[in-house]
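Listed below, chain by chain, are the residues.
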Amino acid sequence: MGLHMIQGVKIPEDFNLPQRACSAHIEQDALLFDKALETIKKHNVFLIAHYYTSDIMQRLAEASGGFIGDSLEMARAGRDSSCDTIAVAGVRFMGETAKILSPHKTIIMPDLSAECSLDLCCDIEDLKRVKAEHKNAVLVSYANTSAQVKAISDWVVTSSLAVELADYLKKIGKDILWVPDKNLGSYIANSANVDIYCWPGKCIVHDAFLGNSLKYMKDEHKQAKVLVHPESPSDVIELADFVGSTSQILNYVKASNASEFIIATERNIFYKIKQACPEKVLYQAPIASNQGQCISCANCPWMELNSLEKLIKAIENPLDFCINIEQNVCNEAVKPLNRMLNFSALLKSGKELPLDL
Ligand code: 13P
Ligand code: SF4
């Protein structure tokens, strides 16, 4: 049992990161709040935002009756919304997932170039080759992948369900070909004690959290609980009191009696945690630096592309900002996505899982 890393696949060295937003830009966004709210209402748009978008984008989702959540909840919210137009503030795979699940709705994004380093690590031609070399394994793709990758996958899964799915696949005697996150793959292999053939991709934000510095921080804040997103390296995960998706981390803080927390995930999640638990003390887990500059500063550069200014433009010019996916890709990608949503509903119901899902 264990982790088998896949060799010889293309992983970008440099992800061509977008420029960071400057303070003038952020201030300008704040001034656009009322206009953005008015535009959403006028065009009857449902705004779905991820926890990693800016505070102001999350406030806008709240004020407009939209939705904020983790990637699994975003998928459900998009599918269940009765609005014809959905604006997804997040990264491209989140917009694509919404489109695959609701092909007749118009799905717009403030910036269609909002990538995710995990998605960029998973080249479709490499994957087709590796899949052919692992015919006996089930291809399980993390939700942070392109529509093309989903279309050739047996299962899609988000971080909130990954260990449960691996447990299930072990129970029915399947090996797993896992793409693209090496850290989440290693976490699943350890937690579910399964054989995993694992793609060597990474999230540039979470992969920069540092285990040895976290040890010192834990020593300084002995009462603090350490909460970690599973895209983080294994030496960070080893120090965690709790490992989970963004929503699961938020729920852990809400339910916990502890008053201090060290958090290893993207820093914009602090908005929702502080709102729910203003009395609790939160520390950002330490992150790697390069020549004195933090590598990601625990801030996803692609999530940051979601400005209010661009959202207004997207709502006013939907044809220029909408997600389009080839019909045949959509038809295939919806199968593993529905499988995931069905799996999650069954888990929630507490019913015994059938062996032929
Ligand atoms: P969640 O599924 O926890 O929202 O994670 C998505 C993501 O991109 C984490 O970096
Ligand atoms: Fe992708 Fe990492 Fe950004 Fe999440 S934080 S969207 S995994 S690059």
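How each quantity is defined
Residues numbered from 1 in each chain as written. Chains lettered and ligands numbered in written order. Predicted model: local features only at pLDDT ≥ 70, side-chain atom pairs only at ≥ 80, totals over all residues. Heavy atoms only, no water. Pairing = 2+ DSSP bridges. Helix = DSSP H or I, 4+ residues; strand = E, 2+ residues; numbered from the N terminus. Axes fitted to C-alpha atoms, helices over the stretch in contact; angles between N-to-C directions. Contact = heavy atoms within 4.5 Å. Buried < 20%, exposed > 50% of the residue type's maximum accessible area, 1.4 Å probe, protein only. Arc of directions from axis to C-beta. Salt bridge = Lys/Arg side-chain N within 4 Å of Asp/Glu carboxyl O. Phe/Tyr/Trp six-rings, centres within 6.5 Å; stacked < 30°, edge-to-face > 60°. Disulfide = S-S within 2.5 Å. Core = buried A, V, L, I, M, F, W, Y, C linked by side-chain atoms within 4.5 Å. Near = heavy atom within 4 Å. Polar contact = N/O pair within 3.5 Å; in protein donor to acceptor, adjacent residues only side chain to side chain. Areas by Shrake-Rupley, 256 points an atom, 1.4 Å probe, with all protein chains shown as cover. Nonpolar A, V, L, I, M, F, W, Y, C, P; charged D, E, K, R; others polar.

A. Just the sheet that holds strand β8 (residues 175-179), in detail. As summarised here, the arrangement of the five strands in space is β1-β9-β8-β6-β7, forming an open sheet in which the pairing is parallel. At either end of the open sheet lies a strand with only one pairing partner, and these are β1 (3-5) and β7 (155-157). For this sheet, the mean angle separating the axes of adjacent strands, direction not counted, is 30°. Alignment of β1 against strand β9 (residues 196-198), held across three bridges, turns out to be parallel. Paired with H4 across the two strands is Y197, which belongs to β9. Sheet strands touched by helix α9 (residues 162-171): β6 (137-142), β7 and β8. Its angle to β7, the strand with the most contacts, is close to 150°. Packing against the sheet, helix α10 (residues 182-192) makes contact with β1, β6, β8 and β9, and its axis sits at approximately 170° to β9.

B. Highlighting helix α2 (residues 33-42). Turning to α2, its buried residues number three or more, namely F33, A36, L37, T39 and I40. All buried residues of α2 lie within an arc of 165° about the axis, which places them on one face of the element. In α2, the exposed positions that point more than 90 degrees away from the buried face belong to D34, E38, K41 and K42. With its phi angle positive at about 50°, N44 sits one or two positions after the end of α2.

C. View of the pattern of salt bridges. All chains considered together, the criterion is met by 12 salt bridges. For the salt bridge of K128 with E125, the shortest nitrogen-to-oxygen distance reads 3.6 Å. Placement of both K128 and E125 in helix α7 (residues 124-133) is noted, with a separation of three residues, approximately one turn of the helix. Within this structure, K10, D123, D126, R129 and E133 form a network of salt bridges that share partners.

D. Here's a closer look at the packing of aromatic side chains. All told, the structure shown has five aromatic pairs when counted by the stated rule. Considering the side-chain rings of W155 and Y168, the 6.3 Å spacing of their centres and the 70° angle between planes classify their relative orientation as edge-to-face. In this pair, W155 is assigned in strand β7 and Y168 in helix α9, connecting sequence segments 13 residues apart. Overall, the relative accessible area of 4% leaves Y168 in the buried class. Where W155 meets F343, the ring centres are 5.7 Å apart and the plane angle is 80°; that geometry is what we call edge-to-face. Here the residue W155 occupies a position in strand β7, and F343 occupies one in helix α17 (residues 327-349), the gap between them amounting to 188 residues. This pair shows no difference in class: W155 is buried, exactly as F343 is.

E. Up close: the state of the cysteines. Counted under the stated rule, the structure contains one disulfide. Residue C294 pairs covalently with C297 via a disulfide, S to S 1.7 Å. Looking along the S-S bond of the C294-C297 disulfide, the torsion reads about 70°, which is the right-handed sense. The class for C294 is partly exposed, based on a relative accessible area of 29%. By relative accessible area, which is 29% here, C297 ends up partly exposed. No disulfide involves C198; its sulfur sits 11 Å from that of C122, the nearest cysteine. Not engaged in a disulfide, the cysteine C322 finds its nearest cysteine sulfur in C330; these two sulfurs lie 12 Å apart.

F. Representation of the sheet that holds strand β11 (residues 242-243) within the structure. The strand order across the open sheet formed by four strands is β11-β10-β12-β13, and the pairing between neighbours is parallel. Where the open sheet ends on each side, the last strands, each with one partner, are β11 and β13 (281-284). Relative to β11, strand β10 (residues 225-228) runs parallel, the two sharing two bridges. Each bridged residue has a counterpart across the sheet, and for L227 the counterpart in β11 is F242. Docked against the sheet, helix α11 (residues 211-220) engages β10, β12 (260-264) and β13, running at close to 170° with respect to β12.

G. Local environment of the nonpolar core. Membership of the largest hydrophobic core comes to 120 residues, with the highest contact counts inside it found for L47, L60, V140, W178 and I263. Apart from residues lying up to four places away in sequence, I263 is in contact with L227, I249, I269, F270, I273, L282, Y283, Q284 and A285. One finds C122, V149, V179 and W199 within the second-largest nonpolar core, a separate group that totals 11 residues.

H. Quick peek at the site of ligand 1. Taken together, the residues surrounding ligand 1 are H50, Y52, D70, S71, N144, S159, H206, H229, E231, S245 and T246. At 2.7 Å from an oxygen atom of ligand 1 is found a side-chain nitrogen or oxygen belonging to H50. In isolation ligand 1 offers 300 Å² of accessible surface; the protein chains occlude 96% of this area. Of the residues belonging to the shell around ligand 1, the class tally is one nonpolar, eight polar and two charged.

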